Amino acid sequence: MAEVTYLEAIRTAMADAMRDDERVFLMGEDVGHFGGPFGVSKGLLDEFGAERVIDTPIAEEGFVGAAFGAAWMGERPIAELQFADFISCAFDSIVTVGAKTHWRSGIKLPVVIRSPFGGGVRGGPFHASCPEGFFIGTAGLKVVCPGSVEDAYGLLRSAIEDDDPVLYFEHKALYRRLKAEAPESTLRTPIGRACIARPGSDVTVVAYGAMVDIALRAAGALESEASVEVLDLRTVWPLDGEAILASLARTSRVCVLQEASSSIGAAGAVLSLIAREGFELLDAPPLLIAAPIAPVPFAPELEDAYIPSVERVVEELRRLGGY
Amino acid sequence: MATERAATIPCDDSSEVTREDRLALFRLVLLHRLIEERVGLLYRQGRVSGSVYTGRGQEAVGAAAGYALGPDDVCAPLNRELACHLARGVTPTEAFRNFLGKGDSPTRGRDGNMHFGAREHGVFPLVSMLGDLCPVVVGAALAFKRRREPRVALTFCGDGAMSTGDVHEGLNLAAVLKVPAVFVLQSNGWAYSTPTSRQMMNTCLADRVEGGWGIPAARVDGSDAVLTLVELRAAVERARSGAGPQAVEAVTLRLDGHAAHDDGSYMDQAERTEYAEKRDPVERLAARLRLDGLSEGELEALRTAAADEVSAGLQEAEASPAPDPATILDGVYATKLT
């Protein structure tokens, strides 16, 4: 089997879905002949034509709203944002139209909003954010953040087939960093289910997106000292509470690791769940490793200090183990 | 009564609108007017919660727009377009159920007043963020274009919503993608308590839409149901034939305040009175039907029939069950989590 990157898995998932289902189409800024700012949609215009790979004006609220309208008529659109930061422009349509329509009227809105998020590419405060937390806790939305090549494919296929709006946050630092065997076209990652990326018995690291890779590296570095379990949330809303608590029951110690600021992201929801339902499973206070409460800085010295590193995770996990 | 009616200007005499069309429009504007009057009473009695937004003075616009559409077309009416819902097949009973927050209302009690849709009739439910539905109908129209279906998607934009970015993004997207969408621009003079002159410098919405976004736009007296229907039919058929998006600005006056709590005392009262006396959309149609040869008795019979339909609808809606709190979570997600 050939190896593919995380980016290629996303592209293949879109192409496979478009081949399987006429109702699937892609729209966004520069997604056509240019192939999107990261080249994710490169080649799709040639295969599917301009009616299924639609270049739009610079209007996130407009084309995300239009995606909902097309979905109302039974289509299954994928709306691509150039950077997840721009999801703020489409926020109103997502939370007003996307989140509440089925509950109010029974009209299904199967839209996938693909948003490249996260730092490590020197994007600065407007091209490197982790805005998933704005939507975590919002009834009617599903939020997924693949942390592996397999889930990049499997979650996107599931998201396209899901009847609800799904916000698909793809990590741009993983686009070419992660490589794995090409996923089977039948692969579907269930939405709402976390997975154990690495089993362990001493401490659980709950992570998602690019932090899964960081957690796995930290777990490897600590191999001789402790058995670290890495739980990849995959879907950050609604949370897989069962998987979090089951892991906690095995390890009794938990660290929530996220790239978003400690004040936002999935951490609040995960820690609230643990406090309410996992208190008696704990041998130590839960640990939160996250970015500081500041926008993402641009300069390499600042960004490297901002995003949780393998070294920082190793050090803090040692402290947690010694509690 | 006789002098008031004499002052009323009849609707246009366009030959392409038949007597049957005028009768259908008359029923729609009457139902709209009478349902809202009844809802206003229920509100003052404390039997309708939340608020009540009316379309008094603008009934003809929603009626003509809903009536101009073909059976497979879709629309997204706002809160002054009850007649559009009725034209698409929503019943007075369903409208009352929504106002009363009943368990079998179109929203099953999840939303009130004009905030409802009808999936089976191709009506998208209103959201309060006016302007949001402009891109949504563009997307519906895009689906029709992609599938080569001769269908049209229509929505309304008030003069207030014309100040929002969503309307700009939606109109622009519609124009660039050349989709079969129709925008009815509701120029009723007021956005809540703010006059159009405080919303924009160029207050001619048709001029803005045609000049700014390149979307052909007609301007019509929205109190004249017949003229409005003529323009809307033309716009709908142009959109259907592949000519791209179309707009019609309907000029009216909002006769009530923004909502039930607002008496509109900040409005020009002389202008309000004159509009109500001379351009009331219901009475203009009645005056036109007199020219069709309808007698006072026949007109009265139509009014009574509409009033009876409204009373029966309310009675049926009042008998509906209250929503069950155990159902709050139903439908938050369409696909259950695995």
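Use the structure listed above.
Here we summarise the structure given alongside this text. (Residues numbered from 1 in each chain as written. Chains lettered and ligands numbered in written order. Predicted model: local features only at pLDDT ≥ 70, side-chain atom pairs only at ≥ 80, totals over all residues. Heavy atoms only, no water.)

Notes on the packing of aromatic side chains
If you walk through the whole model with that rule in mind, you get 10 aromatic pairs over all chains. Geometrically, the ring pair formed by Phe38(A) and Phe83(A) is edge-to-face, given 5.2 Å between the ring centres and 70° between the ring planes. Of this pair, Phe38(A) sits in the loop between strand 2 (24-28) and helix 2 (44-48) while Phe83(A) sits in the loop between strand 4 (76-80) and helix 4 (91-98); the two residues are 45 residues apart in sequence, bridging distant segments of the chain. The two residues Phe38(A) and Phe83(A) agree in class, both being buried. Arranged with centres 4.9 Å apart and planes meeting at 65°, the rings of Trp72(A) and Phe124(B) form a pair that is edge-to-face. (Phe/Tyr/Trp six-rings, centres within 6.5 Å; stacked < 30°, edge-to-face > 60°. Helix = DSSP H or I, 4+ residues; strand = E, 2+ residues; numbered from the N terminus. Buried < 20%, exposed > 50% of the residue type's maximum accessible area, 1.4 Å probe, protein only.)

Brief notes about the sheet that holds strand 9 (residues 195-198) of chain A
Residue and element names in this part refer to chain A. Taken together, the 5 strands give an open sheet; going across it, the order is 9-11-10-13-14, and neighbouring strands pair in mixed fashion. Of all the strands in the sheet, the pair left with one neighbour each is strand 9 and strand 14 (287-291). Going from strand to strand, the sheet's axes swing by 25° on average, the running direction of each strand aside. In this structure, strand 13 (residues 254-261) lies alongside strand 14, joined through 4 bridges in parallel fashion. Across the sheet, the residue bridging to Val256 is Leu288, located in strand 14. Across the sheet, helix 7 (residues 211-221) lies against strand 9, strand 10 (203-207), strand 11 (228-232) and strand 13, angled at about 170° from strand 11, the strand it touches most. (Pairing = 2+ DSSP bridges. Axes fitted to C-alpha atoms, helices over the stretch in contact; angles between N-to-C directions. Contact = heavy atoms within 4.5 Å.)

Looking at the pattern of salt bridges
Residues and elements named next belong to chain A. Taken as a whole and judged by the stated rule, the model has 51 salt bridges over all chains. Across the pair Arg157 and Asp20 runs a salt bridge, and its minimum N-O distance is 2.8 Å. Highlighted residues: Arg157 in helix 6 (residues 149-161) and Asp20 in helix 1 (residues 6-20), separated in sequence by 137 residues. Arg157 gets classed as buried once you look at its relative accessible area, which sits at 2%. (Salt bridge = Lys/Arg side-chain N within 4 Å of Asp/Glu carboxyl O.)

Things to note about the nonpolar core
Membership of the largest hydrophobic core comes to 152 residues, with the highest contact counts inside it found for Ile113(A), Leu154(B) and Phe183(B). The biggest single contributor to this core is helix 6 (residues 133-146) of chain B, with 10 residues. The contact partners of Phe183(B), leaving out residues within four places of it in the chain, are Cys134(B), Val137(B), Val138(B), Thr155(B), Leu171(B), Ala174(B), Ile215(B), Pro245(B), Gln246(B), Ala247(B) and Val248(B). By size, the runner-up hydrophobic cluster in this structure holds 37 residues, among which are Ile10(A), Leu26(A), Leu156(A) and Ile191(A). (Core = buried A, V, L, I, M, F, W, Y, C linked by side-chain atoms within 4.5 Å.)

Focus: helix 9 (residues 225-240) of chain B
Since one α-helical turn is 3.6 residues long, residues separated by three or four positions face the same way. All names here are of chain B. The terminal C-alpha atoms of helix 9, which comprises 16 residues, lie 22 Å apart, in line with the 22 Å expected from a rise of 1.5 Å per residue. Burial in helix 9 covers these residues: Ala225, Val226, Thr228, Leu229, Val230, Leu232, Ala235, Val236 and Ala239. Between the side-chain oxygen at the start of helix 9 and the backbone nitrogen of Val226 there is a gap of 3.0 Å, and the oxygen is on Asp224. With its phi angle positive at about 100°, Gly242 sits one or two positions after the end of helix 9. (Expected span 1.5 Å × (residues − 1). Polar contact = N/O pair within 3.5 Å; in protein donor to acceptor, adjacent residues only side chain to side chain.)

Examining the interface of chain B and chain A
Listed per partner, the contact involves 44 residues of chain B and 50 residues of chain A. For the chain B and chain A pair, buried surface summed over both sides reaches about 3800 Å², with 61% attributable to carbon and sulfur atoms. Three residues, Phe124(B), Arg146(B) and Tyr333(B), lead the burial of chain B against chain A; their summed loss comes to 18% of the area buried on that side. On inspection of chain B and its partner chain A, the count reaches 4 salt bridges. Residue Arg104(A) pairs with Asp111(B) through a salt bridge whose shortest N-O separation is 2.7 Å. Joining chain B to chain A, the criterion identifies 26 residue pairs in polar contact (both at pLDDT 80 or more). (Buried area = accessible area lost by both parts, 1.4 Å probe.)

Remarks on empty space enclosed by the protein
Here the structure, examined in full by the defined rule, presents 1 cavity of 30 Å³ or more. There is about 40 Å³ of room inside the largest cavity. If you trace the largest cavity, you find it lined by Gly98(A), Ala99(A), His102(A), Trp103(A), Leu109(A), Gly140(A), Asp163(A), Asp164(A), Pro165(A) and Val332(B). For the lining of the largest cavity, the class distribution of residues is 5 nonpolar, 3 polar and 2 charged. (1 Å grid on protein atoms, 1.4 Å probe; cavity = no way out; pocket = protein on both sides within 12 Å on 5 of 7 lines; lining within 4 Å. Points joined across faces, edges and corners; volume = space filled by probe spheres on them. Nonpolar A, V, L, I, M, F, W, Y, C, P; charged D, E, K, R; others polar.)

These figures come from the coordinates and say nothing about function on their own.
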